[in-house]
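Structural features, examined
Take a look at the letters that make up each chain.
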Amino acid sequence: MIAGFKQYPATKDSGIEWLGDVPAHWDVRRLGQIGTLLKGRGGSKEDEVDEGIPCVRYGDLYTTHTWAITETRSRLAPTKAGEYTSIRFGDVLFAASGETTDEIGKSAVNLIHSRACCGGDIILFRARLQLDPRFMGYAADCRAAAAQKASMGRGFTVVHIYPHQIKRIALALPPLPEQSAIARFLDHATSHIERYIRAKEKLVTLLEEQKQVLVHDAITGRIDVRTGKPYPAYKPSGVEWLGDVPAHWDVRRLRNVGKALIGLTYGPGDVVDRGEGLLVFRASNIRGGKIIDADNVYVRCQAPERLLTREGDILICSRSGSRALVGKNAMIDARRAGVTFGAFMTVFRSASNQFLRFVFNSALFERQSGAFLTSTINQLTLSMLYSIRVPFPPSGEQSTIIRYLDDAIVKIDRAINQKNQEIDLLREYRTRLIADVVTGKLDVRDATPKQPGLNSVSAGCANETVQAKFNPRLPDDALGKEAYP
């Protein structure tokens, strides 16, 4: 439980493992006891128009809506909307399928007053009792409810949940006036937590942009990293979008810098369990310019020596169903050497790869590689890759640029990681606050912005003490001056 709030004076056993004790004057009811559940129906995204009736798609419950639906991404023509399930203000919508059991049944309450509808693969809950809709939005998707949904999910590749399962979800229900007071409290608190999160996310974006500008200026010679000033003399690069480069630099095509290799071809029958074959790097193994373990695939094929990764190789996604993945790359370190890579991947080998790793993760490479992609083919062929032109300083100067960028990027990445940790902590605080309030672990009926636990979060909210005790507080200006009813 989060410190800084009082507890209810009297509690009782809810009889539900996920809820634990609840306030003595609250009820514990299953959704099937307080309302009805319907399965949504509807067509495809081809029905969507620019202006029309708001429509909630099941995927939007994962990507767009958190606790409440006030507007929709999708709209339908009035004549087409009749083929979809009509939804009312206060209906709670559950996603009937998802990729994992942990996220199955993601839900949000409809707060649209006008006519609206939902598509297929959505389960709709409509209350028979008078309930506060905003309270239901929080309660139906709080941590206790999510745990119940996760225990019901079925499936492997795609996980499903069904109306007869959702109706068994148990919620702790306070009297209606208390539901409204809780909803107002959470609306206020979560909006200010979200504002603080957005401010930190904006700072992360600015730091990422700073890193990109720093790399671009160094690898294109805009700045001499030894002096922090422009070079004394420049010459035309011969590339319109690149402009001038330092007079003593070259501009080379990648074909004249190193060698590229297309990866191993294998079929579904070659895939084996971990420990029984050779790891194959694919696009899923590249994230944020680094090699990661994600959705690893192992094959029984024998890979030729040249198709085994070496320390210093640059692994590039050269073909993908997703346009955004083509060109994504990462350098192979000593720990990742000796692994093969798939046919939709390319490895680039060069004595200058330490310098080129910055080039390959810059706007300079992204612009050129992206120019080759079309609406029908998401592929960077060897000839396309080889034709890319890059500024090329002398080897000694490359080493100076590498040292400069490594040092600068470490500092920026450290700041980014710190802010991301603070964002994660604030999100966890928000999740726990909602869970503790809607299950009666915290009494917020008389809470005010001046109450301990809601009046300040220090700049070091991600420090070890806070993480250990989990007693973060909101920023000094976060909650304004108004009191809660």
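It should be noted that the structure appears before, not after, this text.
Treat the numbers as computed from the prediction; the structure is a model and nothing was measured.

How each quantity is defined
- Residues numbered from 1 in each chain as written.
- Predicted model: local features only at pLDDT ≥ 70, side-chain atom pairs only at ≥ 80, totals over all residues.
- Heavy atoms only, no water.
- Pairing = 2+ DSSP bridges.
- Helix = DSSP H or I, 4+ residues; strand = E, 2+ residues; numbered from the N terminus.
- Axes fitted to C-alpha atoms, helices over the stretch in contact; angles between N-to-C directions.
- Contact = heavy atoms within 4.5 Å.
- 1 Å grid on protein atoms, 1.4 Å probe; cavity = no way out; pocket = protein on both sides within 12 Å on 5 of 7 lines; lining within 4 Å.
- Points joined across faces, edges and corners; volume = space filled by probe spheres on them.
- Nonpolar A, V, L, I, M, F, W, Y, C, P; charged D, E, K, R; others polar.
- Buried < 20%, exposed > 50% of the residue type's maximum accessible area, 1.4 Å probe, protein only.
- Parallel < 35°, antiparallel > 145°, perpendicular 65-115°, else oblique.
- Left-handed = near helix turned anticlockwise from the far one by under 90°.

Here four strands make up an open sheet; going across it, the order is β19-β28-β25-β26 and the pairing antiparallel. With one partner strand each, in any of the chains shown, β19 (259–262) and β26 (329–331) form the two edges of the open sheet. Across the sheet, the axes of successive neighbouring strands diverge by a mean angle of 20 degrees, strand direction being ignored. In this structure, strand β25 (residues 314–317) lies alongside β26, joined through three bridges in antiparallel fashion. Along β26, the bridge assignment pairs isoleucine 314 with methionine 331. The sheet strands contacting helix α8 (residues 353–360) are β25, β26 and β28 (345–349), and the helix crosses β25 at an angle near 25 degrees.

Right, let's get into the layout of surface pockets. By volume, the largest pocket is sized at about 1,200 Å³. Surrounding the largest pocket, 37 residues form its lining, Gly288, Gly289, Lys290, Asn329 and Asn361 being those nearest its centre. Those elements that place two or more of their residues in the lining of the largest pocket are α7 (176–219), β22 (286–287), β26, α8, α9 (363–371) and α11 (395–438). With seven residues, α11 is the largest single contributor of residues to the lining of the largest pocket. Looking at the lining of the largest pocket residue by residue, the class counts come to 16 nonpolar, 11 polar and 10 charged. As for the second largest pocket, its lining consists of 20 residues, of which Thr66, Trp67, Tyr138, Arg430 and Ile434 are closest to the centre. Mapped by element, the contributors of at least two residues to the lining of the second largest pocket are β6 (67–69), α4 (133–139), α5 (143–152), α7 and α11. For the lining of the second largest pocket, the residue count by class is seven nonpolar, five polar and eight charged.

By secondary structure assignment, the location of glutamine 7 is in the segment before β1 (11–13). Classification of glutamine 7 as exposed rests on a relative accessible area of 51%. C-alpha of glutamine 7 to C-alpha of lysine 441: the two residues are 434 residues apart in sequence and 6.3 Å apart in space.

For the pair α8 and α11, the least separation of the axes is 9 Å and the interaxial angle reads 55 degrees. Considering the angle they form, α8 stands oblique to α11. Judged by the twist between their axes, the crossing of α8 over α11 is left-handed. Two secondary-structure elements touch here, α8 through Gln354, Phe355, Arg357 and Phe358 and α11 through Gln398, Ile401, Ile402, Leu405, Asp406 and Ile409.

By the definition in use, this model includes one cavity of 30 Å³ or more. Of the voids in this model, the largest cavity is the one considered here, and its volume is about 50 Å³. Of all the secondary-structure elements, those providing two or more residues to the lining of the largest cavity are α5 and β15 (170–173). Residues of the lining of the largest cavity, tallied by class, amount to nine nonpolar, two polar and no charged.

In terms of strand pairing, strand β21 (residues 278–281) meets strand β24 (residues 297–299) through three bridges, oriented antiparallel. Residue pairing across strands places leucine 278 opposite valine 299, the latter belonging to β24. As judged from the two bridges shared by β21 and strand β27 (residues 340–341), these two strands associate in the parallel manner. Counterpart to phenylalanine 281 in the pairing with β27 is phenylalanine 341.

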